Amino acid sequence: MKGMKEMKKMKGVFLLAVVIGICGPVGGQITSGTNDLKAMEPKVDDMQEQNLDMATIRCSFHFTQKKKAGDKTAVRKDTLTLDIGPTMSRYYDEAKLIRDSLFGGIEKMSARNPSGTLTIRYARKPDYDMSSFMGDVSDFDFTDGTTEQVYKNRTENKVTVIDYEGSPKGIKYRCEDPVGALPWTITSDTATVLGYHCQHATLAFRGRSYNVWFAPEIPSNDGPWKFFGLPGLILRVQDTENIISMECVGIQYMDEPYSIIIPKGRYINCKRKELADMVRKRQSLTIGIRGEYVMVAPKPIDTSLKTLELK
């Protein structure tokens, strides 16, 4: 029985990858009755690989987010990685990148559909009634995890965000964000995080106010997401409404430094608010499978979960 379940699961992954390979990414427009979706691509820049720094510290952070103040349950939970070098760092969802890389590998094998036996149909509207399909129907939520990668240049107070959520097939968004020096206020309060003695600091940043704890004994002025600039590594971040939380759960001092790289590829350069608007347009899919016939319908996502940056 377990073997049959695994085979069915892999079949679903394979067919999903076929759909992704033919449809392109989820954020694109879905039309009816054609396997050739010709979406207009915006102007892109071809960029060579950029080796920014060599990471000597790797941290793992538990990230949680609630919909609103007072909620007891977090609706988003992720474990994100922070690679820290002497001047640069990279903050990213390693598990999400591995999952997407797996789909991409299967996609390359299946996108051309060489056998000609797979038939794909697309629904015009998100409210398409999949009950009329009379096959196995599954929901694939592409909003799990985050595709956002945050590169920080601490010497120049600049942040570069790379994201491919909702982007045209094979293209990533690139946003240069000159955040400047963050206006921290250090207080006399202390706490212990991951066994380290930490000092307390506060920050108001783009619509949210935060309490932050940093460890002076760890000589790095970095931290999760876009936070940096304190005299010690930031180990805990909590907004004052108890909606957003980031806490370090592991620190590894690397024997062999790890390259912090912005990979070679095709990029759409955009501003921060433009990137936020484009990412919000992403969709999930409802996919029905009956033999070699696949029905694809867009599924509206829950947009009530607010972004970290409110301004």
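In this report, the structure presented in the accompanying data block is examined. All values reported here derive from a predicted model rather than from experimental measurement.

### A closer look at the overall build of the protein
Here is step 1 of the chain: Scanning the protein from terminus to terminus reveals three helices and 17 strands.
Here is step 2 of the chain: Going through the 311 residues of the protein one by one, you find that 44% of them count as buried.
Here is step 3 of the chain: Partitioning the contacts of the protein with sequence separation of at least 6, the portion at a separation of at least 24 is 66%.
Here is step 4 of the chain: Surface exposure of the protein reaches about 16,700 Å², of which carbon and sulfur atoms provide 52%.

### A few points about the pattern of salt bridges
Here is step 1 of the chain: Throughout the structure, instances matching the rule amount to 13 salt bridges.
Here is step 2 of the chain: A salt bridge links R58 to D83, with the nearest nitrogen and oxygen atoms 2.7 Å apart. Taken together, the positions of R58 in strand β2 (residues 50-65) and D83 in strand β3 (residues 76-84) put the pair 25 residues apart, joining distant regions of the chain.
Here is step 3 of the chain: When the shortest N-O distance is used, the salt bridge between D177 and R206 registers 2.7 Å. Here R206 lies in the loop between β11 (196-205) and β12 (208-215) and D177 lies in strand β9 (residues 171-177), a separation of 29 residues in the sequence. In this structure, D177 and R206 share a single accessibility class: buried.
Here is step 4 of the chain: Shared partners join several salt bridges into a network, and the residues in it are D177, R206, K226, R272 and E309.

### A short note on the environment of W213
Here is step 1 of the chain: For W213, the position within the fold is in strand β12.
Here is step 2 of the chain: Owing to a relative accessible area of 16%, W213 belongs among the buried residues under this scheme.
Here is step 3 of the chain: Those residues in contact with W213 that sit more than four places away from it in its chain are T190, A191, V193, C198, Q199, H200, L233, I234, L235 and R236.

### Concerning the state of the cysteines
Here is step 1 of the chain: Enumeration over the complete set of coordinates arrives at zero disulfides.
Here is step 2 of the chain: Cysteine C59 remains unbridged, with the sulfur of C248 as its closest cysteine sulfur at 4.7 Å.
Here is step 3 of the chain: Overall, the relative accessible area of 0% leaves C59 in the buried class.
Here is step 4 of the chain: Note on C198: no disulfide assigned, nearest cysteine sulfur contributed by C248 at a separation of 9.3 Å.
Here is step 5 of the chain: For C198, a relative accessible area of 0% translates into the label buried.

### Here's the deal with the pairing of strand β15 (residues 265-270)
Here is step 1 of the chain: Relative to β15, strand β1 (residues 45-47) is paired through three bridges, and the arrangement is antiparallel. Among the inter-strand pairings, M47 is bridged to a residue of β15, identified as G265.
Here is step 2 of the chain: Pairing between β9 and β15: five bridges, direction parallel. The partner of I171 across the bridge, within β15, is R266.

### Things to note about the nonpolar core
Here is step 1 of the chain: Membership of the largest hydrophobic core comes to 46 residues, with the highest contact counts inside it found for W184, W225, F227 and M246.
Here is step 2 of the chain: In this structure F227 touches K152, L182, W184, L203, F205, Y210, D222, I234, V237 and M246, once residues within four positions along its chain are discounted.

Parameters at a glance
Residues numbered from 1 in each chain as written. Predicted model: local features only at pLDDT ≥ 70, side-chain atom pairs only at ≥ 80, totals over all residues. Heavy atoms only, no water. Helix = DSSP H or I, 4+ residues; strand = E, 2+ residues; numbered from the N terminus. Buried < 20%, exposed > 50% of the residue type's maximum accessible area, 1.4 Å probe, protein only. Contact = heavy atoms within 4.5 Å. Areas by Shrake-Rupley, 256 points an atom, 1.4 Å probe, with all protein chains shown as cover. Salt bridge = Lys/Arg side-chain N within 4 Å of Asp/Glu carboxyl O. Disulfide = S-S within 2.5 Å. Pairing = 2+ DSSP bridges. Core = buried A, V, L, I, M, F, W, Y, C linked by side-chain atoms within 4.5 Å.

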